[in-house]
Amino acid sequence: MQSLLNYKGMKKYNWGILGCGKIAGKFSSDLVLLENANLYATASRDQLKAQSFAQEFGFEKAYGSYEAMLKDEKVDIVYIATPHTFHAKHALLSLANYKAVLCEKPFAMNKKEVLSMIAKAQENNVFLMEAFWTRFIPSFQKVLEMINTKDLGTVKMIQSDFMFHAPFNPESRLYNMNLGGGSLLDIGIYPVFVALITLGKPENIVAKAMFSSTGSDEHLEIKLEYPAGKVAYLKSGFMCNSFNDTIFHFERGAIRISRELNETIYVKTNKNIEKLKVDDGLGNGYQFEASHVMDCLDKHLIESPILTHTFSLQLIETLDAIRKEIGLVYSNHDE
Ligand SMILES: NC(=O)c1ccc[n+]([C@@H]2O[C@H](COP(=O)([O-])OP(=O)(O)OC[C@H]3O[C@@H](n4cnc5c(N)ncnc54)[C@H](OP(=O)(O)O)[C@@H]3O)[C@@H](O)[C@H]2O)c1
């Protein structure tokens, strides 16, 4: 690794952005907040786009192809921000060039692809993590802590949804099947993540979807069933807006957290409702996962102890199983 040392003797890591789209912009503006992150390089399929992105966020170098950036020995960590259907290809390419990888969610299109990525990370002894940013934001960490104390009992039921209105456009990433279109892989993955991290892998899955004319799931309702009657009711979709709430129901109360009511956690015990404010800091919230990646690299890890390869495998297995249940097929990826 070509890491530099900053004035506090911390290792500074050279980040490379692979794909200069929307989320790459938000992520890069958060990288600026981290003193051990060096905004080093951008890579786009278009040189001018890479240059303008680099200029906007203050990266040193701009490459007109992903491959060219991956050949730059100074790049330590690659953030993969291309559409889902390219995640496996770009992660494998980065790992083959011995770059640590933080890859956007969903990690890949199916379990087989995720397994190939993990195998490459292990073979080349290189760090690999799914960019599941919500796992690292303080307000969500606080909720997990509260669940673990068992003060309210155990989680019996979860309700979680993520929906926004996205007008139909067959070319857009949200509807185009060649780009992994559909609500499950784009936003439904968040409610599924919440259920998995709290209740684990379900025993049974019931799901129903409405499809757009491209074959993408435009609206999806999922029931994850667990032993002892525990259950998660999840929704995702592009048909309408929502408060994008998650409610954890316990024997002695409930916890509500909303993506729209950022940093506010509502805790209900009997008839009292307490409002907790958690400081999620400056920025969009992506700095926490980026900082964690660098902590892992400081420790020479190839896997995060918080967002493990096993967890990412369970997540993709559950997504695969939901897809099977509703008949959602990506023909270039599914056998
Ligand atoms: N963590 C989050 O909060 C969050 C939020 C939104 C999205 N995401 C994830 O991030 C990924 C990218 O989402 P996005 O909304 O940033 O998408 P986007 O704005 O469409 O950007 C994707 C970028 O991928 C590159 N790309 C490579 N091949 C492409 C192709 N054939 N067609 C289109 N673009 C291609 C393009 O970069 P160049 O032109 O520079 O090569 C494009 O700008 C998705 O997997 C999504 O699930 C995560």
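Note that this is a predicted model, so its numbers are computed, not measured.

### Some details on the site of the ligand
Then, number 1: Around the ligand, the surrounding shell holds 23 residues, and the nearest of these are Ser44, Lys49, Tyr66, His84 and Tyr286.
Then, number 2: Lys49 places a polar side-chain atom, nitrogen or oxygen, 2.6 Å from an oxygen atom of the ligand.
Then, number 3: Thr82 places a main-chain nitrogen or oxygen 3.3 Å from an oxygen atom of the ligand.
Then, number 4: Against a free-state accessible area of 900 Å², the protein chains account for coverage of 84% of the ligand.
Then, number 5: When residues of the shell around the ligand are traced back to their parent elements, those giving at least two are helix 1 (22-31) and helix 7 (183-199).
Then, number 6: Class assignment for the residues of the shell around the ligand results in 10 nonpolar, six polar and seven charged.
Then, number 7: There are two domains that each give the shell around the ligand at least three residues, and those are domain 1 (4-134) and domain 2 (138-279 + 315-326).

### Let's talk about the nonpolar core
Then, number 1: In terms of nonpolar packing, the biggest core is built from 107 residues, with Trp15, Ile222 and Phe248 touching the most fellow members.
Then, number 2: If one sorts the elements of this core by residue count, helix 7 sits on top with 11 residues.
Then, number 3: Setting aside its immediate chain neighbours within four residues, Phe248 contacts Val143, Ile147, Val155, Met157, Ile158, Val194, Thr198, Gly253, Ala254, Ile255 and Ile257.

### Examining the confidence of the model for the protein
Then, number 1: Across the protein, the average pLDDT comes to 94, with 96% of residues at or above 70.
Then, number 2: Taken as a whole, residues 1-7 scores under 50 in pLDDT and shows 22 contacts with residues more than four places along the chain or in a different chain.

### Quick word on the domain arrangement of the protein
Then, number 1: As far as domains go, the protein holds domain 1 (4-134) and domain 2 (138-279 + 315-326).
Then, number 2: Put simply, the middle of domain 1 and the middle of domain 2, counted by C-alpha atoms, are 27 Å apart.
Then, number 3: Each partner contributes residues to the interface: domain 1 has 15 residues there, and domain 2 has 17 residues.
Then, number 4: Of the roughly 1400 Å² buried at the junction of domain 1 and domain 2 (both faces included), carbon and sulfur atoms supply 65%.
Then, number 5: Three residues stand out in domain 1 for area buried against domain 2, namely His84, Phe132 and Thr134, and they jointly supply 35% of the buried area on that side.
Then, number 6: Along the contact surface separating domain 1 from domain 2 lie two salt bridges.
Then, number 7: The partner of Glu317 in a salt bridge is Lys111, with the nearest N and O atoms 3.0 Å apart.

### Considering the packing of aromatic side chains
Then, number 1: Summed over all chains, the structure comprises 14 aromatic pairs.
Then, number 2: Members of the aromatic cluster, connected to one another through ring pairs, are Phe132, Phe140, Phe162, Phe164, Phe168, Tyr175, Tyr190, Phe193, Phe238 and Phe311.

### What about the pattern of salt bridges?
Then, number 1: Under the counting rule described, the total for this entry stands at 11 salt bridges.
Then, number 2: Arg256 is paired through a salt bridge with Asp245; the nearest N and O atoms lie 3.0 Å apart. Of the two residues, Arg256 sits in strand 13 (residues 253-258) while Asp245 sits in strand 12 (residues 245-250), which places them 11 residues apart along the sequence.
Then, number 3: The network of salt bridges with common partners includes Lys105, Arg173 and Asp186.

### Considerations on the environment of Leu144
Then, number 1: Note on placement: Leu144 falls in helix 6 (residues 138-149).
Then, number 2: Owing to a relative accessible area of 11%, Leu144 belongs among the buried residues under this scheme.
Then, number 3: When the C-alpha positions of Leu144 and Phe164 are compared, they lie 25 Å apart, and in sequence the two are 20 residues distant.
Then, number 4: Setting aside residues no more than four positions away along its own chain, Leu144 makes contact with Arg135 and Ile197.

Parameters and conventions
Residues numbered from 1 in each chain as written. Predicted model: local features only at pLDDT ≥ 70, side-chain atom pairs only at ≥ 80, totals over all residues. Heavy atoms only, no water. Near = heavy atom within 4 Å. Polar contact = N/O pair within 3.5 Å; in protein donor to acceptor, adjacent residues only side chain to side chain. Areas by Shrake-Rupley, 256 points an atom, 1.4 Å probe, with all protein chains shown as cover. Helix = DSSP H or I, 4+ residues; strand = E, 2+ residues; numbered from the N terminus. Nonpolar A, V, L, I, M, F, W, Y, C, P; charged D, E, K, R; others polar. Domains from an automatic or database assignment. Core = buried A, V, L, I, M, F, W, Y, C linked by side-chain atoms within 4.5 Å. Buried < 20%, exposed > 50% of the residue type's maximum accessible area, 1.4 Å probe, protein only. Contact = heavy atoms within 4.5 Å. pLDDT = per-residue confidence, 0-100. Buried area = accessible area lost by both parts, 1.4 Å probe. Salt bridge = Lys/Arg side-chain N within 4 Å of Asp/Glu carboxyl O. Phe/Tyr/Trp six-rings, centres within 6.5 Å; stacked < 30°, edge-to-face > 60°.

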